[in-house]
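Descriptive structure summary
Below are the chains, spelled out letter by letter.
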Amino acid sequence: AFQVNTEAHLQPVLCSSIFDDEAKDEKAEEKKDDEGILTRHHLALLKLIAKEAGCEPAEIVDADLCLMDAQPSNLVGLYKEFISSPRIDNQLSTWGAFEGLCDFAKDANAVAEAKDVCLAVSFDHEEVGSQSFTGADGVTLPVWLDRVMDALAVSDTQKPEVLARSFMVSADCAHACHPNYAAKHQAGPFFHKGIVIKTNANQRYATTPLTAALFREVCKRSDVPVQDFVVRNDSPCGSTIGPIISSKTGVRSIDVGAPQWAMHSCRETCASSDALHMLNLAKAFFAYFREVDNAAAKL
């Protein structure tokens, strides 16, 4: 079978050298700038970036460039029931979380009656370990939470109680059962069947029976369908920021997500109905969780 070598087979093609007039001037430009950015990047690329930025190539101090699919997202399928897009994982959950929070905040009565601090947080670098200045495996969120509680005059002795009553939905997309690779799955999850609860006995996901029960009740109150996912015993299991943040904060957590195909490919696919389910889940969580949690505490 063909094996992709990420060094040899994934080099981008910028242009053909036979048409590249910039290459003829590159050596001359390098002599003028023997320590600057012109010695580290192709001049044609720098000129393209400078044109977009409205500056001269030599004025670019440094660059952090990544290739990405620039084609717009679109609806596909006979009934337009699929979303084809780059970076569905995890922009779909990010969109749902922030849109859901904004929709909840539009209800003045709900905000006035709320007893919770409602948060939507998105981190960088989840796919490469989360250990970075803006990653989840750091002190950024705990420090923010501490500052929020300080601003609300929560004492140091009260802070552990606040965290113990809190709940985190770690929303990262789930691997849907692909019809061409059904043998890779136990049974599901499937498109259009709702949000996926992800469970792993080795703690790759933060889900517990208690957090799953609370989550199901929230979804029930807002008619959001729910399905379950457990990776096959003969397959490796990825992880999320759920266990990372839960272990750092002591907050009850659950790992969920909308199902998708071709996760981490340059072009991914999910169901348009499940995008709506993700949005409705976020709105329902902000609206109903405290009521559900208080009722469960009385049992």
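Notes on the structure follow. (Residues numbered from 1 in each chain as written. Predicted model: local features only at pLDDT ≥ 70, side-chain atom pairs only at ≥ 80, totals over all residues. Heavy atoms only, no water.)

With that settled, the discussion passes to the packing of aromatic side chains. Counting across every chain of the model gives eight aromatic pairs. Taken together, a centroid distance of 5.8 Å and an interplanar angle of 55 degrees make the contact between F82 and F191 tilted. Separated by 109 residues along the polypeptide, F82 in strand 2 (residues 82–85) and F191 in the loop between strand 4 (174–175) and strand 5 (195–198) bring together distant segments of the chain. For the residue pair F82 and F191, the accessibility class agrees, reading buried in each case. Joined through ring pairs, the aromatic side chains of F104, F167, F285, F286 and F289 make up one cluster. (Phe/Tyr/Trp six-rings, centres within 6.5 Å; stacked < 30°, edge-to-face > 60°. Helix = DSSP H or I, 4+ residues; strand = E, 2+ residues; numbered from the N terminus. Buried < 20%, exposed > 50% of the residue type's maximum accessible area, 1.4 Å probe, protein only.)

On to the sheet that holds strand 3 (residues 167–171). Sheet strands line up and pair through hydrogen bonds in the backbone, either parallel or antiparallel. Overall, mixed pairing links the four strands, which are arranged 3-7-5-6 in an open sheet. The open sheet is flanked by strand 3 and strand 6 (226–229), the only strands paired with a single partner. When the angles between neighbouring strand axes are averaged without regard to direction, this sheet yields 35 degrees. Sheet topology note: the strand 5/strand 6 ladder contains four bridges and is parallel. In the strand pairing of strand 6, V196 is matched with Q227. (Pairing = 2+ DSSP bridges. Axes fitted to C-alpha atoms, helices over the stretch in contact; angles between N-to-C directions.)

As for its placement among the helices and strands, P72 is situated in the loop between helix 2 (43–53) and strand 1 (74–76). The spatial distance from the C-alpha of P72 to the C-alpha of Q158 is 48 Å, given a sequence separation of 86 residues.

For the structure on display, the rule yields 15 salt bridges. Measuring nitrogen to oxygen at the nearest pair gives 2.7 Å for the salt bridge that ties D146 to K159. Residue D146 is located in helix 5 (residues 140–151), and its partner K159 is located in helix 6 (residues 159–165); the two are separated by 13 residues in the primary sequence. The exposure class assigned to D146 is partly exposed, which follows from its relative accessible area of 32%. A relative accessible area of 7% places K159 in the buried class. Several salt bridges converge on common partners, so that one network encompasses D116, R252, R290 and D293. (Salt bridge = Lys/Arg side-chain N within 4 Å of Asp/Glu carboxyl O.)

Most often, soluble globular proteins keep nonpolar side chains buried together rather than apart. In this structure, L92, I195, F215, I254, V256 and L281 are the most contacted members of the largest nonpolar core, which totals 29 residues. Elements represented by at least two residues in this core include exactly helix 3 (88–105), strand 5, helix 7 (209–221), strand 7 (252–257) and helix 9 (272–297). No other element matches helix 9, which puts eight residues into this core. When near neighbours in sequence (up to four residues on either side) are disregarded, I254 contacts F167, M168, V169, S170, I197, A206, T207, T211, A212 and F215. (Core = buried A, V, L, I, M, F, W, Y, C linked by side-chain atoms within 4.5 Å. Contact = heavy atoms within 4.5 Å.)

Right, let's get into the side chain of S170. Relative to the assigned elements, S170 resides in strand 3. On the basis of relative accessibility, which here comes to 4%, the residue S170 falls in the buried class. Of note is the side chain of S170, whose polar atom sits 3.5 Å from the side chain of T240. For S170, the side chain forms a polar contact with the main-chain nitrogen of G242, separated by 3.4 Å. Once residues lying within four places of it in the same chain are set aside, the contact partners of S170 are T240, I241, G242, I254, D255 and V256. (Polar contact = N/O pair within 3.5 Å; in protein donor to acceptor, adjacent residues only side chain to side chain.)

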